[in-house]
Structure formats: structure tokens, C-alpha cells
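What the coordinates show
What follows is the residue order along each chain.
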Amino acid sequence: MDRLKAMGAFVRAVELGSLSAVAREMATTQPTVSKLVAWLEGEVGARLLERTSQRLLPTEEGARLLPSAKPMLGDYEV
């Protein structure tokens, strides 16, 4: 799986507060975005997002990852 794509999905999910919004932005489906985030969670060995029917928030681990993820993604933007 593409680590940068998964990291980007995670960051945008936190920013937008919705996996569906990320899916629309990426022109894909919500289950695909969910799988990207789940894969990233498996890679880092921690749950990164707390998902409820009303909102999506980073977990403590996700909040720790976010500050390093954003600049890393910025380095790869075209």
C-alpha cells in the first residue's frame, strides 16, 4: 500500500472531520479511505482515529503523529 497516500488520507480526515469528505476529494469511496487509514494504523501499531456516527477525531496517538505527518506530506507536494 502507498504509505504517502495513506498518510494523506489520515491528515485530510482529521482536517475535514469525515472519511466521506476525504473520499470525495480523492475521487474514491469511503471504504477505500477507511482501508487506507486502517492500513496506516496497522503500520504504526496504534489506532489513529476515533470514529463515531457524529464525528471523527484523532486519538492521542493520532494527535502525536499529525504534527510530523503534515510537513512530511508537504515535502512531497508537487
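Quantities reported herein were computed from a predicted structural model and do not represent experimental measurements. As a convention, each chain's residues are numbered from 1 in the sequence order in which they are written. The predicted origin of the model limits local features to residues at a pLDDT of at least 70 and limits the giving and counting of side-chain atom pairs to 80 or more, whereas totals for whole chains, interfaces and linings rest on all residues. Here the side-chain values reflect all heavy atoms present in the structure, with hydrogen atoms and water set aside.

Concerning the nonpolar core
The test is simple: To qualify as a nonpolar core, a set must consist of buried Ala, Val, Leu, Ile, Met, Phe, Trp, Tyr and Cys residues joined through side-chain atoms within 4.5 Å. Only protein chains enter the accessibility calculation, which uses a 1.4 Å probe. A residue is then buried if its area is under 20% of the maximum for its type, exposed if over 50%, and partly exposed in between. Comment: elements are numbered from the N terminus, with helices defined as DSSP H or I runs of at least four residues and strands as E runs of at least two. Here a residue-residue contact requires only that any non-hydrogen atoms of the pair lie within 4.5 Å.
Within the largest apolar cluster, 21 residues are counted, with the highest numbers of intra-cluster contacts made by Phe10, Leu19 and Leu49. A total of seven residues in this core trace back to one element, the largest contributor, which is helix α1 (residues 3–16). Dropping the residues within four chain positions of it, Leu49 is found in contact with Phe10, Ala13, Val14, Leu19, Val37, Glu41, Leu56, Leu57, Pro58 and Thr59.

Comments concerning the pattern of salt bridges
The following threshold applies: Salt bridges are defined as contacts in which a side-chain nitrogen from Lys or Arg sits within 4 Å of a carboxyl oxygen from Asp or Glu.
Taken as a whole and assessed by the stated rule, the structure comprises six salt bridges. Sharing partners across several salt bridges, the network here consists of Arg12, Glu15, Glu25 and Lys70.

Section: a nonpolar patch on the surface
Quick note on the threshold: Like charges within 9 Å and nonpolar side chains (Val, Leu, Ile, Met, Phe, Trp, Tyr) within 5 Å are joined into patches, using only residues over 30% in relative accessible area that form no salt bridge. Per-residue and other accessible areas follow the Shrake-Rupley method at a 1.4 Å probe size, with only the shown protein chains counted as cover for residues.
Residues Leu4, Met72 and Tyr76 make up a contiguous nonpolar surface patch of about 280 Å² in total accessible area. Residue placement: Tyr76 occurs in helix α4 (residues 60–76).

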